[in-house]
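Summary of structural features
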Amino acid sequence: MNGSHDASSRRPVLLGTAAGAALTVLAVLAANSGGDTGGPAVAAGTAGGTTVTRTVEVTLDGMRVRPARIDVTEGTALRLKVTNTDAQRHDLKVGNGSATPLLARGQSRTLDLGPVTEDREAWCTLPGHRAAGMTLDIVVRRAAADGHEGHSSDGAGLDLGAGFSPGRQPRTADLAPAPDGRIHRLELRAARTTVEVAPGVEQQMWTFGGTAPGPTLRGKVGDVFEITLVNDDETMGHGIDFHAGSLAPDRPMRTLEPGERLVHRFRAEKAGAWLYHCSTAPMLQHIGNGMYGAVVIDPPGLKEVDHEYLLVSSELYLGTPGSTAQVTKMREGTPDAWVFNGVAAQYAKRPLTAKAGERARFWVVDAGPGDPVAFHIVGTVFDTVYKEGAYLLTPDRPGGAQVLDLAPAQGGFVETTFPGAGHYSFVDHDMRHAEAGAHGTVEVGR
Ligand SMILES: [Cu+2]
């Protein structure tokens, strides 16, 4: 993305003077184009005594400044073209004092910083926005350090407004009806795989069947599930625990060494939204790295609805799986994100869809490993709540509900009818979780 400058600019000029500015070369760095580029913007600097001005397009949106970091070669005159694309107002103040006024949506302002000789930080001055992650690091690259590749890890959290990699297929949230037949057979392979768990962020996950969550199982009360577990992991043992079945754990939940297999057979005697997970210690790590999934056993008489969705909620811990740094975050309960179906903000990018007046059922299972979930859909009232095998609310009652709360390993569903066309956010109403990935959108059309 480096710009180039033409021969006419290679004349010596006085740094930082008006004359110098007139002879500068403008190179626009469209750092935000498409929103799919993850790396820091790199701005070129002086070349043979020539001042180079670099214009970087900076976007304010979703509690983020994009790009979050600009690498500039020492002496580069930096010009920021700042645009607010967010619904609420923001500004950008640079550490040396210059700042944009408050910008409404769609407004732009240019900040001329002049030649940059030391690192600077910029941020939005509205209360709390800097702490929420609206910061920009301007990092000076000394001439001698050219070729050093900068890397952004400012600890301000994930950039959930950025784009996912092109071609990435989101996991569907649609829950298919229970297949015909009373015996359900599935081969599950335990294996590690690397997936995009947040926009532009890849993470190695430990999985059942190559995805986290693993495949969803669905049946009716009395159905038999016959799961063949094969441990394809070359170094680690894994096992499986289905909460939907009741049986002595000793053999079916034992740890399989690499290459081993077993058949885990259970009859679902009770309805519910159940968790399954790896049964090998330490389970905090095996579940926290992705080895979980859901089993849905329909309560008898479950009515047909227009849409059925399944959202498995969990925490997300970045870093090398099993490393001290990652496990410390698990123990301290400081995840990098909270997610539905394994990926931060994936249904904000690719919303679920429905039509006004349609009825939807949202199944939710909390995989943890440590945190509860408070599932809520903005703009709706639940007339049905089913939690841990029992109806807490049915449509014939006068009351309504706003949240389905689940402790780790609990499950249930809620139902609602979308009153009109619009964009309905669904969230974990613990706002620490919602704003760090546990949110999505239902786009309701006419
Ligand atoms: Cu495991």
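A few points on the structure. (Residues numbered from 1 in each chain as written. Predicted model: local features only at pLDDT ≥ 70, side-chain atom pairs only at ≥ 80, totals over all residues. Heavy atoms only, no water.)

For the rest of this paragraph, the subject is the side chain of D298. Tracing the chain through its elements places D298 in strand β18 (residues 292–298). A polar atom in the side chain of D298 sits 2.9 Å from the side chain of R218. Those residues in contact with D298 that lie beyond four places of it in its chain are R218, G219, K220, V221, A271 and W363. (Helix = DSSP H or I, 4+ residues; strand = E, 2+ residues; numbered from the N terminus. Polar contact = N/O pair within 3.5 Å; in protein donor to acceptor, adjacent residues only side chain to side chain. Contact = heavy atoms within 4.5 Å.)

Attention now goes to the sheet that holds strand β17 (residues 272–277). If you walk across this open sheet you meet the four strands as β13-β18-β17-β15, and the pairing is mixed. Strands at the two margins of the open sheet, each flanked by one partner only, are β13 (217–220) and β15 (241–242). Pairing of β17 with β18, which is carried by six bridges, proceeds in the antiparallel orientation. Within the sheet, the bridge partner assigned to H277 lies in β18 and is Y292. (Pairing = 2+ DSSP bridges.)

This brings us to the coordination of the copper ion. Each protein donor to the copper ion is listed here as H238 (ND1), C278 (SG), H286 (ND1) and M291 (SD); together their distances run 2.0 to 2.6 Å. One way to put it: the four donor atoms around the copper ion meet at angles of 83 to 132 degrees, and that makes the site irregular. In primary sequence terms, the donor set of the copper ion follows H-x39-C-x7-H-x4-M. Judged by relative accessible area, which is 0%, C278 ranks as buried. (Donors = N, O, S within 2.8 Å, 3.2 Å for Na, K, Ca; no water. Tetrahedral: all angles 85-135°; square planar, octahedral: opposite > 155°, others 65-115°. Buried < 20%, exposed > 50% of the residue type's maximum accessible area, 1.4 Å probe, protein only.)

Here we come to the sheet that holds strand β12 (residues 201–208). Taken in spatial order, the four strands of this open sheet run β12-β11-β14-β16, and their pairing is mixed. Looking at strand neighbours, the two that pair on one side only are β12 and β16 (261–267), the edges of this open sheet. Each adjacent strand pair in this sheet contributes to an overall mean axis angle of 30 degrees, direction not counted. Of the pairings in the sheet, the one linking strand β14 (residues 224–231) to β16 comprises seven bridges and is antiparallel in character. Within the sheet, the bridge partner assigned to I227 lies in β16 and is H264. (Axes fitted to C-alpha atoms, helices over the stretch in contact; angles between N-to-C directions.)

Taken residue by residue, helix α3 (residues 324–332) has Q326, V327 and M330 as its buried positions. Projected down its long axis, α3 shows its buried positions confined to an angular sector of 95 degrees, all on one face. The outward face of α3, more than 90 degrees from its buried face, is lined by the exposed residues T324, A325, R331 and E332. On its buried face, α3 sits against β12 and α2 (283–288). (Arc of directions from axis to C-beta.)

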